[in-house]
Amino acid sequence: SRIPSLKREMRNLSEECSLEPVTVSMAYVYFEKLVLQGKLNKQNRKLCAGACVLLAAKISSDLRKHEVKHLIDKLEERFRFNRRDLIGFEFTVLVALELALYLPENQVLPHYRRLTQQS
């Protein structure tokens, strides 16, 4: 029930950090995969959302060290969790996604279209 508002937060944060719509789309796909696997619960849903944005940004963008730090700062501020927890949880999400961070176009495109039509 909190999933749509978390996805909205992910989008807003990504826009603040000037991430591309394709990056947000990838984060959505990662997040939805975790939801479908039943990995989300009340305690970890914000960490999941944050880790998905961070992984998508790292895999799809050409971020420099200070940009990654800025993104982590924003994630920490927006989702109100500890950066150490986020960094640790990033690996947990990576394992849950079976290291499959490169996504087929047909999984990303519907989200991308929706995002670009909204803006």
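Residues numbered from 1 in each chain as written. Predicted model: local features only at pLDDT ≥ 70, side-chain atom pairs only at ≥ 80, totals over all residues. Heavy atoms only, no water.

Asks: I keep staring at the overall build of the protein and nothing clicks. Help me out?
Replies: When helices and strands are counted, the protein shows six helices and zero strands. Mapped from its N terminus to its C terminus, the protein presents α and β elements in the order α-α-α-α-α-α. Relative to the 2.2 N^0.38 estimate, which gives 14 Å for 119 residues, the radius of gyration of the protein is 13 Å and therefore close to what a compact globule would have. Taken over the C-alpha atoms alone, the protein extends approximately 35 × 35 × 25 Å along its principal axes. Residue burial in the protein is summarised as follows: out of 119 residues, 41% are buried. For the protein, restricting intrachain contacts to residue pairs at least 6 apart in sequence, the fraction spanning at least 24 positions comes to 75%. With the model as given, the accessible surface of the protein reaches about 7100 Å², and the carbon-plus-sulfur share is 51%. Considering the protein, the positive charge centre built from 20 side chains and the negative charge centre built from 14 side chains are found 5 Å apart. (Helix = DSSP H or I, 4+ residues; strand = E, 2+ residues; numbered from the N terminus. Rg over C-alpha atoms; globule rule 2.2 N^0.38 Å. Buried < 20%, exposed > 50% of the residue type's maximum accessible area, 1.4 Å probe, protein only. Contact = heavy atoms within 4.5 Å. Areas by Shrake-Rupley, 256 points an atom, 1.4 Å probe, with all protein chains shown as cover. Lys, Arg positive; Asp, Glu negative; His and termini not counted. Charge placed at Lys NZ, Arg CZ, Asp CG, Glu CD.)

Asks: I tried to follow the nonpolar core on my own but got confused; where do I start?
Replies: Side chains that are nonpolar tend, in soluble globular proteins, to be buried together. In this structure, Met10, Tyr30, Leu71 and Leu75 are the most contacted members of the largest nonpolar core, which totals 39 residues. For this core, the secondary-structure elements that each account for two or more residues are helix 1 (3-16), helix 2 (21-36), helix 3 (45-60), helix 4 (65-79), helix 5 (83-96) and helix 6 (105-118). Examining the composition of this core, we find that 10 residues originate from one element, helix 3, more than from any other. For Tyr30, the residues in contact, after removing those within four places along its chain, are Cys52, Leu55, Ala56, Ile59, Leu97, Ala100, Leu101 and Leu103. (Core = buried A, V, L, I, M, F, W, Y, C linked by side-chain atoms within 4.5 Å.)

Asks: Is there a simple way to explain the UniProt feature "domain: Cyclin N-terminal" (unreviewed entry) in the protein in this structure?
Replies: Under the feature "domain: Cyclin N-terminal" (unreviewed entry), the UniProt entry names residues 10-100. Taken end to end, residues 10-100 has its terminal C-alpha atoms 20 Å apart, with 75% of it in helix and 0% in strand. (UniProt positions renumbered as here; feature names shortened; annotations may be inferred.)

Asks: Where do I start with the side chain of Asn44 in this structure?
Replies: By the secondary structure assignment, Asn44 is in the loop between helix 2 and helix 3. Note on Asn44: relative accessible area 11%, which makes it buried. At a separation of 2.9 Å, a polar atom in the side chain of Asn44 contacts the main-chain carbonyl oxygen of Lys39. Apart from the residues within four sequence positions on either side, Asn44 is in contact with Lys39 and Phe89. (Polar contact = N/O pair within 3.5 Å; in protein donor to acceptor, adjacent residues only side chain to side chain.)

Asks: Mind showing me how you'd approach the packing of helix 2 against helix 6 here?
Replies: Helix-helix packing is described using two parameters, namely the angle between the two axes and the distance between the axes. Where helix 2 contacts helix 6, the two axes come as close as 8 Å, and the packing angle between them is 125°. In this view, helix 2 runs oblique relative to helix 6, as classed from their interaxial angle. For the pair helix 2 and helix 6, the sense of crossing is right-handed. Contact residues: helix 2 offers Pro21, Val22, Val24, Ser25, Met26, Tyr28, Val29, Glu32 and Lys33, while helix 6 offers Gln107, Val108, His111, Tyr112, Leu115 and Thr116. Of the residues in the contact of helix 2 with helix 6, the class split is nine nonpolar, four polar and two charged. (Axes fitted to C-alpha atoms, helices over the stretch in contact; angles between N-to-C directions. Parallel < 35°, antiparallel > 145°, perpendicular 65-115°, else oblique. Left-handed = near helix turned anticlockwise from the far one by under 90°. Nonpolar A, V, L, I, M, F, W, Y, C, P; charged D, E, K, R; others polar.)

Asks: What's the story with the environment of Ala49 in this structure? I'm lost.
Replies: Tracing the backbone through its elements, the reader meets Ala49 in helix 3. The exposure class assigned to Ala49 is buried, which follows from its relative accessible area of 0%. Separated by 21 residues in the primary sequence, Ala49 and Tyr28 place their C-alpha atoms 8.4 Å from one another.

Asks: What exactly am I supposed to notice about the side chain of Ser14 here?
Replies: For Ser14, the location among the structural elements is in helix 1. Overall, Ser14 belongs to the buried group, its relative accessible area being 2%. Discounting chain neighbours no more than four positions away, the residues touching Ser14 are Leu19, Val24 and Val53.

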